[in-house]
Amino acid sequence: MGTFIQLVVDGLATGSIYAALALAIVLVNQATGLINFAQGGMAVLSAYIAYVFVQLGLPLLLAIIISVVLSFLFGALVERFLLRRFERGDPDTAVVVTIGLLTLVTGISAVLWGYNNLAFPSLFPLTSVEILGAVVSVRSLATAVTIVVIMVVLQLLFLRTKLGLALRAVADNPASAAFSGLPVGRLLMVGWGLAATLGAIAGVLVAPQLTLTPGMLDTALVYALAAVILGGLSSPIGCVVAASAIGVLENLVAVYIPLIGHDLKIAVPFALIFVILIIRPQGLFGRKVVVRV
Amino acid sequence: MTLLELTVVTASYGPLQVLDGVSLSVPEGGSVGILGANGAGKTTTLRAISGTVRTGGRIRFDGRDIRGLRPDQVAALGIAHVPEGRGTLGQLSVRENLLVGAYLRKDRKAVAGDIDYCLDLFPQLQDRVGSRAAALSGGEQQMLAVGRAFMAKPKLLLLDEASLGLAPSTAKAVYEAIRRLRLESGIAMLVVEQNANLAFSLVDTATVLETGRNVLTGSSAELKGMDEIRRAYLGG
Amino acid sequence: MSTAATVRRPRVRMILTAVLAVALIAAPLALPAFANQTLIRIGVYAVAVLGLNIVMGYTGQVNLGQIFFVGLGAYVTAYGVNHGWNILLVFFAACAVAGLVGLLVALAAARLGGLAIAMVTIALPIVGVPLAKRLSDFTGGSQGTSARFTDAPDWSGLDNDQWQFYIVLVVSAAAFLLARSLVRGKYGRAFAAVRENEAVAASMGISPYRTKVLAFTIASIFGGASGFLYLAAVQYTSPETLSFGHSISLLAAMVIGGAGSIAGSLLGGAYYVFVPQLTNAIDPNLTTVSQGAILLAVLFLLPGGLVSLPRVVRRLTRRSATRRSTARPAAETSQQTPPAQHPVPDAAPEGPEQTERQDGP
Amino acid sequence: MAASLSLKDVSLHFGGVKVLQDVSFDVEPGVIFGLVGPNGAGKTSLFNCISGHYRPSSGSISIDGTEASGSPPARLARLGLARTFQHPALQLNASVLQNVLLGGHTRLPGGPVSWALRLPYTARSERAIRTEALELLDRAGLAWAADLPADELSHGLHKGVELWRALLSRPALLLLDEPAAGLSHGEVEQLIATVKRLRTEQDITIIIVEHHMGLISALTDRVVVLDHGRKLMSGTAAEAQSDPRVIEAYIGKDAADDAA
Amino acid sequence: LSLSGCRGDGGGQGGGSASSPGITDSAITLGITTPLSGATAGPGKCTVAGVSAYFGAVNAAGGVKFGDGKTRTVNIKSYDDAYDPQKSLANFQQMVSDNVFAATAGLGTPTNRAFRDAAISQKVPQVLVMTGDPLFSDRKQSPWQLGFVPVYQNEGAAFGKLLAKSGAQHKVAILSQNDDYGKGYVAGFKDSIKGASNISVVGEQTYEATDTSVDAQLTQLASSGADVFFNAMSITPLTIASLQKAQQIGWKPIWFLPSNTSSPTAILEPGGAAAYPGIYSVSFAKAPQSPAFAKDPDVVKFLDELKQYGNYPDMPAFPHCMWSYMVGATLEKAFQNMKEPTRDSFMTALRDIKGLKAPLMLEGTSVDTTVDGQPAVSSVVVQKYNGKGYATAENFG
Ligand SMILES: Nc1ncnc2c1ncn2[C@@H]1O[C@H](COP(=O)(O)OP(=O)(O)OP(=O)(O)O)[C@@H](O)[C@H]1O
Ligand SMILES: Nc1ncnc2c1ncn2[C@@H]1O[C@H](COP(=O)(O)OP(=O)(O)OP(=O)(O)O)[C@@H](O)[C@H]1O
Ligand SMILES: [Mg+2]
Ligand SMILES: [Mg+2]
């Protein structure tokens, strides 16, 4: 029983890493209709930027804030000068552009900071607390709480604010939105900027645990994508729930179903996607896209 | 006096030029129709005004040169465009669509009132305010597109086949509402309408396009009297 | 189009095709070994990209699992060769096993829409790698497995690379010809219809589900064939062959070559092989940056892929002569002629005069 | 060859929205049948039920006496049903000819292997269908547009391309959803002539949804009027137009002349 | 019919007594195909940096005096294979066309295996490669190959032997990377404890090199009650995280870590290794991060040259930097002994090195290329972490 609870708690902690990135992916998708494969790479770059400021002697929190602001600008500029050209075209091309961006950003991080693992300081202590007999570090706990806060903020942004409405409108039908006076270009920039900001937060949250390398989030990206699809592309809550579920189930399956084991546990999120999406194509919490011809 | 003036406007899609010198003017509070066959360039003329197609020539609105502005800049000057086809935001609810229509307005209270006005005007939408636009019937979507333009409180309304897919009684009601709007708030309009009876009920003057050029311009009464026009647009 | 042009076109084409065929057959004899080896690898990946193009470029189903089928084909080939099967049998087994697995996956995956398919297909390489390690009796585990079957036989008097070139040429030429015929008629339209709008496709009698399964299966078969060629060229395979990063690269290569284009698949294969060589030559320490930069630069200049280059060049060089020479006849646009009436001839001289004023922003 | 259609108590619900309620009517083979009613009455949804895109919540739909509801649309299409869409749904970057050819899918024999191998009969049938498609376009006066990408056509012409696409399949039952929307008066007249000709030349049953009462009067043998998902009445077009309930719900009191 | 007659064959002079490609009277060119991008680029970069550092210094001092009496400078050409076998083969083919004398120092089992056949059939040396795969040290099967680092089995066995020797009862939990690296370690370890009745394996788990977390495995292994943890892990962040995690959940066994992931500063310190009763590792190279070696002349020279010629300014986080530096020394030795400027002669010379004490080598280890079935380095010493660096461990406990 102790092991079981520990596995669940560990799974939730791992899940929160996936969730952090997943939220940023949801934000870009809601604001521009794209899946941004570069989200992880951009988050890593943000974490490196924060790292640089920490190295320069700035307090961690300040370094993070600076990095978050710079990330907003970076995201906005990427939209304006790169993605803008592809937004009206074939979505596959746009996806490949984000793959190219991922490669470029990863490469830049590698050139500037090398491939060695850099230790990134954490905002939260590594001391651990006991919950229901399971041990969990304050760092994991704080990470999870931060992610829930971000999730709530995102949910409110989309459903309760004028900006959220405008972002969704532009993603839905930019031409039509422009007829109502929505500055499409600027809104797309804001959407990317916000997503990059979120990515930056995700990056600095998980960097202490994963240690900084250019490919720090490559694996997490796959899980994050799985969480996004499973939870429902339009739902911040859904992707956090899905990410947690993936983290927990993976652990349990690996340990309690020896046939699958730790080597094949990565099949779990995909099997989950398959089973759940057959029943609910829009994902756990997603809204069905209505299409009429 | 003149709100909108097009002077030998050309327009092209890529290498293909489809407007070949269209000129027309809409006086303040006036209502002008554009007639023409499929492919004559009616839609393109409206697109030229709202900045969604590459144009040449001169387009002046409210004393400003607006050729080359982006669609949202044009909208910000007070031009609302009801586009041809599906002009709605499919995955947004009916209410959200109307709110987006009022994006540029600051008077929050009045916006709420105008939403009610739109729902009164289109009672079919009333019990679907929470539904997403894409689920609506063709005609319902068209109503929503018109409603969204109303929500902007524009100075000039560009209507591209606003009656498309509307039931006869509804089409009449919509045109009646538009007429009322014009009387009450002095909105000017430029109207593309295939149902010439409806069109002539609304416009003071009209111009006929053929392969991207005006071939004829006159008052409603004059045009109605012409044989050619009767045959092509009015029947009988 | 003038009659002369219509007559000339096919003949020009035929001559060009013949010249190309001769060139391809003669090339390995004249080229240095490394050039042949590069061309061989291009052939390998061109076939994989071609398969991907059918399911993704033509049918619009995002497939992030193509490399899995390449790996599967390679493993089957290695297994067959090492068990002394006849080489033709090995080839068909590589295609058939990949096709069968593809079919089974597709039967399930095609029930899902859009991005869910992407996630189910990405699972193939991701689960495939640990699976390949686990099934070490068949795969050689993480140390991989070697199989040599493409050394030139003595009677041929050829070098190994020349011999391999011909093997790859035969298989990939066949694959390209088959694919080309397939996407040109009935099935090409069906694929495109499913990509564009499933409801419309269905109302034309095209079952979206079956079409997706078909496209996916074809892609897997091509993947298997590519795996066979992979082993012919590399003579070794290991779990790393099917790492999902390569699947992403294949996808990128497909789009960069030209989605929905047969010739684009070849260009995509070339891109997949050339760019790492190029970036190695630039600076082996900067390969990631330069690969990213090249990818973005190519797409930025040619959003339609490399295959659109001629079109773009033509457009740029003909900037001044852009106006349509054959404006639509007024008579036609103004009335949708009822079927009873006779069509108005093309390019009627009384078409509207073009103004010179055309100074768009 | 023309098919008959029979609907019995067809109902359709989306969540709480009752789109169709107990709609029943029969369409004899070879007639032109009109379906009218206010916006949101459920006409398109009824088409979707017939064509298999929607599955009715209850009731039965039979074509030529065999139960059709529940069959996937592709199967029904292969059995001879064709339709157009209220919002034209063409492949915008494909040529007009390719769009029309899509309608010939069910008439082309052979599976993917035969086509990949270019067996002679596939090439022959492809040539034949292409010739036929070009003829159709030609007779429609659209020959000039055959090689243009569909998105270069104006909105109004898209409707026409959809019609020719549907016709290329040689349907026994044809559903037309607002074919006259966006056409000027003169163009509507031509459409009427086309459909009339179709009826005399081909053995076909046609159901038309249309708000253009002139077209309905000119073409249809019978009409059904839907309102709020229910059948309001059925009869000839003239009967419908003079029915006070229909005038009240649909045409509008003093609109008779406008709608002509 | 001799079809191939008309091609310009560049590599024709392969066998004879004329000099082989890639070697002139004044220079020799070596090629390294190794991961310089992607997940394994960290150690990959080291392989190039170490060799370049070594020969950079040698070249600056005039070059290597070869056995044929000529003095040559050594050029290094590196190629990125991103740990993709197909690319490493392509790189090898490119090397051949670039006239490279020999391939060396490349990291990775599958990548090296991918061009092994080609190297054999073209008679191009593929030597001192960074893989613990025994195949490369099998003279018969791999006539043109030689591994450099101890086969993984040896490292695992060294620890197992020490453990068995202790005589005390120990329960061992094993976590290993799911590839030949992890499998080799585990196999060597298990072999060496076969007869020992005092050692029992109570839990065994694997992880993937791409995993972001091994918390579940640790939780599972902790519940086995093991007092010794054999962790055959090559991924730096995972090693740190597991050191942290195990103590969090209150599991404090004695650890064994492979040579790859035992850096005192980069791994043990951030992992809080001081909390454990003991951390053992194996090595044959001096760890520059270790305070004990901070003033060691080898280490000082090495770090200096790494910076100057290896284009690697940081403190090396992976032992591959040191290893490939030793590869340089070993190659130099072979060059000095080769009588003719040919690949054949080179292989003969290379296979005849015994007792070479390459710089940075630990006491008790040496390069010995004369034993069939063994790579150039086959001896390792077990070390124990002393809170700052390592000290050689003669006994367990
Ligand atoms: N996106 C486009 N690309 C290229 N050509 C286009 C495009 N849209 C329209 N055209 C062409 O421009 C011309 C004018 O089209 P437009 O849509 O303005 O006609 P319209 O008068 O509105 O016709 P309709 O009554 O059918 O809506 C037509 O010949 C059409 O083929
Ligand atoms: N997929 C769907 N989801 C939700 N509601 C739907 C769906 N399809 C149809 N409806 C609803 O059913 C009602 C009838 O729609 P339908 O399109 O059948 O009307 P219609 O009679 O064709 O109207 P119009 O003349 O405006 O085209 C509408 O209120 C519409 O919102
Ligand atoms: Mg129009
Ligand atoms: Mg409808």
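Going by the structure above, here's the rest.
Residues numbered from 1 in each chain as written. Chains lettered and ligands numbered in written order. Predicted model: local features only at pLDDT ≥ 70, side-chain atom pairs only at ≥ 80, totals over all residues. Heavy atoms only, no water.

### Here we look at unusual backbone geometry
Residues and elements named next belong to chain E.
Here comes step 1: Its identity as a non-glycine residue notwithstanding, Tyr83 has a phi of 60 degrees, on the positive side.
Here comes step 2: One can find Tyr83 in the loop between strand S3 (71–80) and helix H2 (85–97).
Here comes step 3: Residue Tyr83 is classed as partly exposed on the basis of its relative accessible area, which comes to 22%.
Here comes step 4: At Leu128, a residue that is not glycine, the phi angle is positive and equals roughly 55 degrees.
Here comes step 5: Residue placement: Leu128 occurs in strand S5 (residues 126–129).
Here comes step 6: Judged by relative accessible area, Leu128 falls into the buried class, the value being 0%. (Helix = DSSP H or I, 4+ residues; strand = E, 2+ residues; numbered from the N terminus. Buried < 20%, exposed > 50% of the residue type's maximum accessible area, 1.4 Å probe, protein only.)

### Here's the deal with the site of ligand 2
Here comes step 1: Every one of the 21 residues lining ligand 2 counts as a neighbour, but Arg128, Ser137 and Gly139 of chain B together with Thr44 and Ser45 of chain D are closest to it.
Here comes step 2: Looking at what sits near ligand 2, you find residues from chains A, B and D.
Here comes step 3: Here Gly139 of chain B contributes a backbone N or O atom positioned 2.6 Å from an oxygen atom of ligand 2.
Here comes step 4: His211 of chain D places a side-chain nitrogen or oxygen 3.0 Å from an oxygen atom of ligand 2.
Here comes step 5: Alone, ligand 2 offers 630 Å² of accessible surface; in the complex the protein occludes 93% of this.
Here comes step 6: Looking at the shell around ligand 2, the elements with two or more residues in it are helix H6 (138–151) of chain B together with helix H1 (43–51) of chain D.
Here comes step 7: Grouping the constituent residues of the shell around ligand 2 by class yields 6 nonpolar, 10 polar and 5 charged. (Near = heavy atom within 4 Å. Polar contact = N/O pair within 3.5 Å; in protein donor to acceptor, adjacent residues only side chain to side chain. Areas by Shrake-Rupley, 256 points an atom, 1.4 Å probe, with all protein chains shown as cover. Nonpolar A, V, L, I, M, F, W, Y, C, P; charged D, E, K, R; others polar.)

### Brief notes about the interface of chain C and chain D
Here comes step 1: Listed by partner, the interface residues are 37 residues for chain C and 44 residues for chain D.
Here comes step 2: For the pair chain C and chain D, the summed buried surface comes to about 3600 Å²; carbon and sulfur atoms form 58% of the total.
Here comes step 3: Remark: the boundary between chain C and chain D carries 1 salt bridge.
Here comes step 4: Notably, a salt bridge pairs Glu126 of chain D with Arg189 of chain C, separated by 3.0 Å at the nearest N-O pair.
Here comes step 5: Listing elements by their share of the side of chain C that touches chain D, those giving two or more residues are helix H7 (160–184), helix H8 (186–196), helix H9 (198–203), helix H10 (208–234) and helix H15 (330–334) of chain C.
Here comes step 6: Its residues assigned to classes, the side of chain C that touches chain D comprises 16 nonpolar, 11 polar and 10 charged. (Contact = heavy atoms within 4.5 Å. Buried area = accessible area lost by both parts, 1.4 Å probe. Salt bridge = Lys/Arg side-chain N within 4 Å of Asp/Glu carboxyl O.)

### So, the state of the cysteines
Residue and element names in this part refer to chain E.
Here comes step 1: Enumeration over the complete set of coordinates arrives at 1 disulfide over all chains.
Here comes step 2: A sulfur-sulfur separation of 1.9 Å characterises the disulfide bridge that pairs Cys46 with Cys321. Since a negative S-S torsion denotes a left-handed disulfide, the Cys46-Cys321 link at about -75 degrees is left-handed. You can see Cys46 sitting in helix H1 (residues 41–60) and its partner Cys321 sitting in helix H11 (residues 320–337), a full 275 residues away along the chain. Neither residue differs from the other here; Cys46 and Cys321 are each classed as buried. (Disulfide = S-S within 2.5 Å.)

### Some thoughts on the coordination of the magnesium ion (ligand 4)
Residues and elements named next belong to chain D.
Here comes step 1: Protein coordination of the magnesium ion (ligand 4) is provided by Thr44 (OG1) and Gln86 (OE1), with donor distances spanning 1.9 to 2.2 Å. Taken together, the residues Thr44 in helix H1 and Gln86 in the loop between strand S6 (81–83) and helix H3 (96–102) connect sequence positions 42 residues apart. For the pair shown, Thr44 and Gln86 are each scored as buried. (Donors = N, O, S within 2.8 Å, 3.2 Å for Na, K, Ca; no water.)

### Concerning the packing of helix H3 (residues 66–82) of chain C against H10 of chain C
Residues and elements named next belong to chain C.
Here comes step 1: Relative to each other, H3 and H10 sit at 50 degrees, their axes nearing to 6 Å. Looking at the two axes, H3 sits oblique to H10. Taken as a pair, H3 and H10 cross one another with a handedness that is right-handed. On H10, the residues touching Gln66, Phe69, Val70, Gly73, Ala74, Thr77 and Ala78 of H3 are Phe216, Ala219, Ser220, Gly223, Gly224, Ser226, Gly227, Phe228, Tyr230 and Leu231.
Here comes step 2: Of the residues belonging to the contact of H3 with H10, the class tally is 9 nonpolar, 8 polar and no charged. (Axes fitted to C-alpha atoms, helices over the stretch in contact; angles between N-to-C directions. Parallel < 35°, antiparallel > 145°, perpendicular 65-115°, else oblique. Left-handed = near helix turned anticlockwise from the far one by under 90°.)

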